[in-house]
Amino acid sequence: MPTLDDILEHIGEFDKFQKQTFFVLCLLSAAFTPVYVGVVFFGFTPEHRCFSPGVAELSQRCGWSLAEQLNHTVPEWGSHGAAYSSRCSRYEVDWNATGVSCTDPLGSLVGNRSSVPLGPCQDGWVYDYSGTSIVTEFNLVCEDSWKLDLFQSSVNVGFFIGSVIIGYIADRFGRKLCLLITVLINSVSGVLVAFAPSYMWTVIFRLIQGLVSKGGWLTGYVLTAEFVGLSFRRTVGIIYQLAFTVGLLILTAVAYVLPHWRWLQLAVTLPNFFFLLYQWCLPESPRWLITQKQNDKATEVIKRIAKRNKKQLPPSFQNLKSEEDGEKLKPSYLDLVRTPQIRKHTFILMYSWFTSSVLYQGLIMHMGLASGNIYLDFLYSALVEFPAAFILLLTMDRIGRRYPWAVANVMTGGACLVTALVPDTLYWLKMTAACLGRMGITMCYEMVCLVNPELYPTSLRNLGVLICSSMCDIGGIMTPFIVYRLAELWHELPLVLFAGIAFVGGGLVLLLPETKGKTLPETIEDAENMHRLERSKENTVYLQILTSEAVPKYECTGKFQDATN
């Protein structure tokens, strides 16, 4: 009896049906961008200072320029504009007093400039920004700056919890049902974020978005992998992630046009409601149906694919019968660590996800420590991801997965060290190294997304990807603290740490089996044997078609995340 990959070779591995399905799922991938990195614009922190009553009137009377006003009325502005005292404290003087000098206002008020008392920003802040963000609306600066970290951490906490729940739903009740549920909740909660009346409600709705949005993105990732044939699996996996990069470019343009965060939130959320049309244009994954012993439904989906591709399904492939005596494969968390090879895969992939998240987000945050144009910086960081995808497309089928993955890790680590150790006078070299680092970690991210689902059997695929990628969410929670706290000790210290993490990751991925040219494992036994020499197709475990004796009695539990088969 043939495997599903054999059937796809006859009815089309990436024909009209798969192309249409892939296109609509790529739209989902692009729409995930605002949830994952939208905080760059939603939580933008512009230059700010305390509001001091009377300063504006005094500046107008004296005819000061903005620079003169800041030097005269803001503590330490002339010596270091980014100092904490210049942003979070003000002179405790009465700027409305009569007789204030325009040449030496502080001297005329207190006599000795060095003894001017400082106080907190009791009347709020002035922001040098024409738009709005949650920072400017809720004053998330100075003593409350940690609330911005909480806003972003709430999303990653949602990602982590959702990894435990959404993956199980996808493997237990189906990819399509899971996708529709996550799309609906993500859309509704996104709208609620835009209308949140307070900071706390904003965090709560943002957490709900995190619970489902990543799970929906990964479910789409799994579906793209399970609909296409073996020879196209690698390409669609990378292009699906490339759609996320396209989303970065679109987000940049929309944020530039809509600098007010509530309107921006609505603009990037409302299109998600169109994804509910998946109910009518997407079928369930035939691979999942087969693992659930729903072979009649799987046959219907296969015939639908063949009809759409204008291919004839050979008669020998049309006798799939449901096995009433067979036991459905139910995913179990213990199956991820019960057998030696899958256990090794799980731990290495968890570290790889953690590394990818910390370095990907960390390099963006570290670059953001320097002042610059937020839109151009974000645009450049997105553009560098395109060559990373093309390099993988050119190398993975020729060289394989492991060696490009290891080289990308080493390149990232080396680039981080160069960026940290090269003096600022060699600006061109630092920027080149920074771009290579971003390119390298993007390749690592795309590779772990691709390889993770290739190492788990069908019944564990969603669960394995989501459990492993949950370490990505833990990394996302930790990254702000790693970057900003270590940078206070030494600006380049986070880069040194990133280099060490990347070098270790490069060594570990070499311990994984090569998946180039191998069919997706259908059973736990298949996954355990992947480290051995590739078996011929005749010896692979076939889809459970005729007798239940051929079905191993494994109980598996599911969870789902980035699955690129």
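Everything in this summary refers to the structure shown in the same document. Within any chain, residue numbers begin from 1 and follow the written order of that chain's sequence. Totals for whole chains, interfaces and linings use every residue, but because this is a predicted model, local features are given only for residues with pLDDT of at least 70 and side-chain atom pairs only at 80 or more, for both listing and counting. Only hydrogens and water are removed before side-chain values are computed, so all heavy atoms of the structure are retained for them.

## A word on the overall build of the chain
Within the chain, the regular secondary structure consists of 26 helices and 4 strands. Exposed residues in this analysis have more than 50% of their type's maximum accessible area, buried residues have under 20%, and partly exposed residues fall in between, with area computed by a 1.4 Å probe over protein chains only. Counting across all 565 residues of the chain, residues that qualify as buried make up 58%. Whether two residues are in contact is decided by their heavy atoms: any pair within 4.5 Å suffices. In the chain, of all internal contacts separated by at least 6 residues, the share reaching a separation of at least 24 is 83%. Accessible area for the chain stands at about 23200 Å²; split by element, carbon and sulfur atoms hold 65% of it. The helix and strand labels rest on DSSP assignments: H or I over at least four residues marks a helix, E over at least two residues marks a strand, and numbering proceeds from the N terminus. With residues, only the protein chains shown are counted as cover, and all accessible areas are computed by Shrake-Rupley using a 1.4 Å probe.

## Re the state of the cysteines
Working definition: the covalent bond between the sulfur atoms of two cysteines is a disulfide. What counts as a disulfide here is a pair of cysteine sulfur atoms lying within 2.5 Å. Enumeration according to the criterion identifies 3 disulfides in this entry. Two residues share a disulfide in this structure: C50 and C121, whose sulfurs sit 1.6 Å from each other. Looking along the S-S bond of the C50-C121 disulfide, the torsion reads about -45°, which is the left-handed sense. In this pair, C50 sits in strand β1 (residues 48-50) while C121 sits in the loop between β3 (118-119) and β4 (125-127), placing the two residues 71 residues apart along the sequence. Residue classification places C50 among the buried residues on the basis of a relative accessible area of 9%. The disulfide partner of C88 is C142, and the S-S distance across this bridge is 2.0 Å. Where C88 bonds to C142 through sulfur, the torsion about that S-S bond is close to -95°, and the disulfide is left-handed. Taken together, the residues C88 in helix α7 (residues 84-88) and C142 in the loop between α9 (134-138) and α10 (146-173) connect sequence positions 54 residues apart.

## Some thoughts on helix α1 (residues 4-11)
When you tally the buried positions in α1, you get 6 out of 8 residues, the bulk of the element. Turning to α1, its buried residues number three or more, namely L4, D5, D6, I7, L8 and I11. Its buried side turned inward, α1 meets α2 (16-31), α12 (199-227), α13 (230-257), α16 (286-291) and α17 (295-308).

## What to know about unusual backbone geometry
Positive phi outside glycine occurs at C142, with the angle close to 55°. By relative accessible area, which is 10% here, C142 ends up buried. Within the chain, K310 stands out as a residue other than glycine whose phi angle is a positive 60°.

## Quick word on the pattern of salt bridges
Salt bridge criterion: a side-chain nitrogen from Lys or Arg within 4 Å of a carboxyl oxygen from Asp or Glu. Using the criterion set out here, one finds 11 salt bridges in the structure. We note a salt bridge from K147 to D144, for which the minimum N-O separation is 3.9 Å. You can call D144 partly exposed: its relative accessible area is 30%. Across the pair E454 and R401 runs a salt bridge, and its minimum N-O distance is 2.8 Å. With a gap of 53 residues between them, E454 in helix α23 (residues 427-454) and R401 in the loop between α21 (385-395) and α22 (402-421) connect regions that are remote in the sequence. Given a relative accessible area of 2%, E454 falls into the buried group. Here R401 falls in the buried class, since its relative accessible area comes to 5%.

## Examining empty space enclosed by the protein
A pocket, in this scheme, is an open set of points on a 1 Å grid over the protein atoms alone with protein on both sides within 12 Å along at least 5 of 7 lines, while a cavity is a set where a 1.4 Å probe fits but cannot get out; residues line either one if an atom lies within 4 Å of a point. Grid points are joined across faces, edges and corners, and a volume is the space filled by probe spheres set on the points. Applying the stated criterion across every chain, the model contains 8 cavities of 30 Å³ or more. As a volume, the second largest cavity reaches approximately 110 Å³. For the second largest cavity, the lining is made up of 13 residues, of which L28, N186, S213, W217 and N272 are closest to its centre. Every element with two or more residues in the lining of the second largest cavity is listed here: α2, α11 (175-194) and α12. Asp, Glu, Lys and Arg are counted as charged, while Ala, Val, Leu, Ile, Met, Phe, Trp, Tyr, Cys and Pro are counted as nonpolar; the rest, among them Gly, fall into the polar class. Looking at side-chain class alone, the lining of the second largest cavity contains 8 nonpolar, 5 polar and no charged residues.

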